[in-house]
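# Understanding the architecture of this molecule
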Amino acid sequence: MLLQKTNFSKKFTSFTKNFIRFTSQKFTPFKIAVCQLKISHEKKENFNKIKKAVEESKKNGADITVFGESCTCPFSRGSWLKNAEEIPRGETTEFFSNLAKQNNISIISGTFPEKEDEKKVYNTCCVFDDNGKLIAKHRKLHLFDVDVKQFRYHESDLILPGQNLTIANTQKFGKIGIGICYDLRFPQIAQIYAQHQCKLIVYPSSWMRPTSKHWDLLLKVRAIDTQCFIVGASPARDEKAKFVCHAHSQVVDPWGLVLLELDEKEGIGYAKIDYNYLEEIRQKIPVLNQKRDDVYCLEDLSKKQK
Ligand SMILES: NC(=O)CCC(=O)C(=O)O
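Since the model is a prediction, treat every value here as computed from it, not as a measurement.

### Here's the deal with the site of the ligand
Surrounding the ligand, one finds Glu69, Phe75, Lys140, Phe144, Cys181, Tyr182, Arg185, Ser206, Trp207, Met208 and Thr211. Within the contact set of the ligand, a nitrogen atom lies 3.0 Å away from a side-chain nitrogen or oxygen of Glu69. Note that an oxygen atom of the ligand is positioned 3.2 Å from one of the backbone N or O atoms of Tyr182. Relative to its free-state accessible area of 300 Å², the ligand is covered by the protein chains to the extent of 99%. The residue inventory of the shell around the ligand, partitioned by class, reads six nonpolar, two polar and three charged.

### With respect to the packing of aromatic side chains
Overall, the coordinates contain 19 aromatic pairs when judged by the stated rule. Ring geometry for Phe30 against Tyr275: centres 5.6 Å apart, planes inclined by 80 degrees, an arrangement best described as edge-to-face. With Phe30 in strand S1 (residues 30-36) and Tyr275 in helix H7 (residues 275-284), this pair connects stretches of sequence that are 245 residues apart. Using a relative accessible area of 4% as the deciding quantity, one classes Phe30 as buried. According to the relative accessible area criterion, Tyr275 is buried, its value standing at 4%. On the numbers, 5.4 Å between centres and 35 degrees between planes, the contact of Phe75 with Trp80 is tilted. Assigned by exposure class, Phe75 and Trp80 land together as buried. We note Lys31 situated over the ring of Tyr270; from NZ or CZ to the ring centre the distance is 5.2 Å. If you follow Lys199 out to its NZ or CZ, it ends over the ring of Tyr275, 5.9 Å from the centre.

### Regarding the state of the cysteines
Covalent bonding between the sulfur atoms of two cysteines is what defines a disulfide. Under the definition given, this model contains zero disulfides. No disulfide involves Cys71; its nearest neighbouring cysteine sulfur is the one of Cys73, lying 8.3 Å away.

### Some remarks on the nonpolar core
Residues Ile108, Ile176 and Tyr275 are the most contacted members of the largest nonpolar core, which totals 45 residues. Counting residues per element, this core draws most heavily on strand S11 (residues 198-204), which supplies five residues. Among residues more than four places away in sequence, those in contact with Ile108 are Ile64, Thr65, Val66, Phe67, Cys125, Cys126, Val127, Ile176, Ile178 and Val202. Ile39, Val54, Ile87 and Ile107 belong to the second-largest nonpolar core, a separate cluster that totals 21 residues.

### Overview of the pattern of salt bridges
If you walk through the whole model with that rule in mind, you get 17 salt bridges. As a salt-bridge pair, Lys137 and Glu114 come within 2.6 Å of each other at their nearest N and O atoms. Of the two residues, Lys137 sits in strand S5 (residues 134-139) while Glu114 sits in strand S3 (residues 106-115), which places them 23 residues apart along the sequence. In this structure Glu114 comes out as buried when scored by relative accessible area, which is 3%. Connected via shared salt-bridge partners are Lys43, Lys44, Glu85 and Glu91.

Calculation criteria
- Residues numbered from 1 in each chain as written.
- Predicted model: local features only at pLDDT ≥ 70, side-chain atom pairs only at ≥ 80, totals over all residues.
- Heavy atoms only, no water.
- Near = heavy atom within 4 Å.
- Polar contact = N/O pair within 3.5 Å; in protein donor to acceptor, adjacent residues only side chain to side chain.
- Areas by Shrake-Rupley, 256 points an atom, 1.4 Å probe, with all protein chains shown as cover.
- Nonpolar A, V, L, I, M, F, W, Y, C, P; charged D, E, K, R; others polar.
- Phe/Tyr/Trp six-rings, centres within 6.5 Å; stacked < 30°, edge-to-face > 60°.
- Helix = DSSP H or I, 4+ residues; strand = E, 2+ residues; numbered from the N terminus.
- Buried < 20%, exposed > 50% of the residue type's maximum accessible area, 1.4 Å probe, protein only.
- Lys NZ or Arg CZ within 6 Å of the ring centre and 35° of its normal.
- Disulfide = S-S within 2.5 Å.
- Core = buried A, V, L, I, M, F, W, Y, C linked by side-chain atoms within 4.5 Å.
- Contact = heavy atoms within 4.5 Å.
- Salt bridge = Lys/Arg side-chain N within 4 Å of Asp/Glu carboxyl O.

Spelled out as structure tokens, the structure:
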């Protein structure tokens, strides 16, 4: 019994120490570049644009760059099947990895089609550190199957849903939570990322125009209810494309204020991410510590009230 107690107390102490070390870890403020590019049908052309954008971001002092959903080929069935490739064996993984290493910059790749078989793919985002190492891979979890104002889209005809939440554990930026576009509508993911000490959540996206107001609101709401920095990175709008996106990439701070918003055109925007500011907000309004997980359930209500 005594032995058990000692073990428990040792375990508890080391857990507490780790927890304190982890939560009090200091990060230097850093610069994020959000690259909003017009997508061509030619993968090579997209690679060239992405390369130039990474080089420009680096020149302008960015520490990490982010791209939008479907950034290496247009969002269409034919194009996605044609361009699907394995990760990490495919040329796109190699391309981003080399780019990160050569420019000594971290990259959140946006998304591209990951091959499962001849008929099905995943909608996948990869995170590379500044040595070019692939440190995380997120497959879109919630598929965009909707019918809004003559706009019918059925992503699950082609795409398989991912099965895991993804946190990229980085040296310079701490833990980064990843979601893809429609995943933004599901607050559970962002809540779990915040509970696991993420301070930054990135959503490579290609949001549709009829729900553009939701895009603006959801980015702010996710920032406020997780007290994280939220990045929504989109391709530029192409009126001739099959899927015409809203664009308007944004970075929102943990208070819900927009630090950066692009318009519909191509461009690169920069935002400073300062976790000291985030900690101030988390101290002022400590919702993450005040959660009542013990009551967020109706099952036991009748028993409790007896
Ligand atoms: N690519 C997407 O998942 C689009 C999501 C979207 O536009 C929405 O309204 O939700």
